[in-house]
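# Secondary and tertiary structure notes
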Amino acid sequence: YGSLTCRILRYYNKTDVRTVTDEAYSGSRRERHILKSYRTYLSFEFEEKETIKNITNHVKMVLEESGVREGIIVVSSLHTTSSIFVNDDEEGLIKDTLEFLEQMVPEQKEPYYLHNKSEKDAPAHLKRNIIGRSEMISVTEGNMDLGNWEQVFYAEFNGKRKKKICIKIIGE
């Protein structure tokens, strides 16, 4: 556990401005609400096979780039052996999480994992099933609505190769 030491590659930024079909009327003046859709891909590559990294600052940076002040962020892992989740950034909790997952899904078991007949990464897929693929976070006044200790994490269960996440922001 420690600081985020990985390569981050920016793949693609796209901003679409779309008009919401609902229009609000304020007195005699007609107001149109515009939604912005912003998408960025980040690439991570870690030396560890299994690790959990805090990516909150990366998500905040993308939120600032988007210019969205009110809306939602969806952070998704684009691989079946990694996850995104929100929790407390406390070293003991991170280690406990990895130990818990190892107890739930041990690297080796008898009889063997059926998926391991073709590939040897069944535990990584099963750990991803437990943690999940993505997180949705609301945005208010340009900030992520996270609790006092909440942070956004990327969990890698089959590392040593490049993986991508998608950060999608929708709002105004």
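Check the entry above for the structure.
To keep things clear, this report deals only with the structure shown in the data block. Computed from a predicted structure; not experimentally measured. (Residues numbered from 1 in each chain as written. Predicted model: local features only at pLDDT ≥ 70, side-chain atom pairs only at ≥ 80, totals over all residues. Heavy atoms only, no water.)

### Focus: the side chain of K163
Selection rule: Starting at the N terminus, helices and strands are each numbered in turn, a helix being any DSSP run of H or I of at least four residues and a strand any DSSP run of E of at least two. Buried residues are those whose accessible area, probed at 1.4 Å on protein chains only, stays under 20% of the maximum for their type, while exposed residues exceed 50% and partly exposed ones sit between those limits. What qualifies as a polar contact is a pair of N or O atoms within 3.5 Å, subject to a donor-acceptor requirement within protein and to the restriction that residues adjacent in sequence count only when both atoms come from side chains. Residue contacts follow a heavy-atom distance rule, with two residues in contact if any of their heavy atoms lie within 4.5 Å.
By secondary structure assignment, the location of K163 is in strand β9 (residues 163-171). Taking relative accessible area as the criterion, K163 reaches 1% and is therefore assigned buried. A distance of 2.6 Å separates polar atoms of two side chains, one belonging to K163 and the other to E156. Beyond its immediate chain neighbours, meaning those up to four positions away, K163 contacts L42, S43, F44, H79, T81, Y154, E156 and N158.

### Description of the pattern of salt bridges
Formally: The term salt bridge refers to a side-chain nitrogen of Lys or Arg lying within 4 Å of a carboxyl oxygen of Asp or Glu.
Scanning the model with the defined rule gives six salt bridges in all. A salt bridge links E107 to K49; the shortest N-O distance between them is 3.0 Å. Of this pair, E107 sits in the loop between α2 (91-104) and α3 (122-131) while K49 sits in the loop between β2 (29-44) and β3 (51-54), and the two are 58 residues apart along the sequence. What makes E107 partly exposed here is its relative accessible area of 25%. One salt bridge connects K127 with E50, and the closest N-O pair in it is separated by 2.6 Å. Of this pair, K127 sits in helix α3 while E50 sits in the loop between β2 and β3, and the two are 77 residues apart along the sequence.

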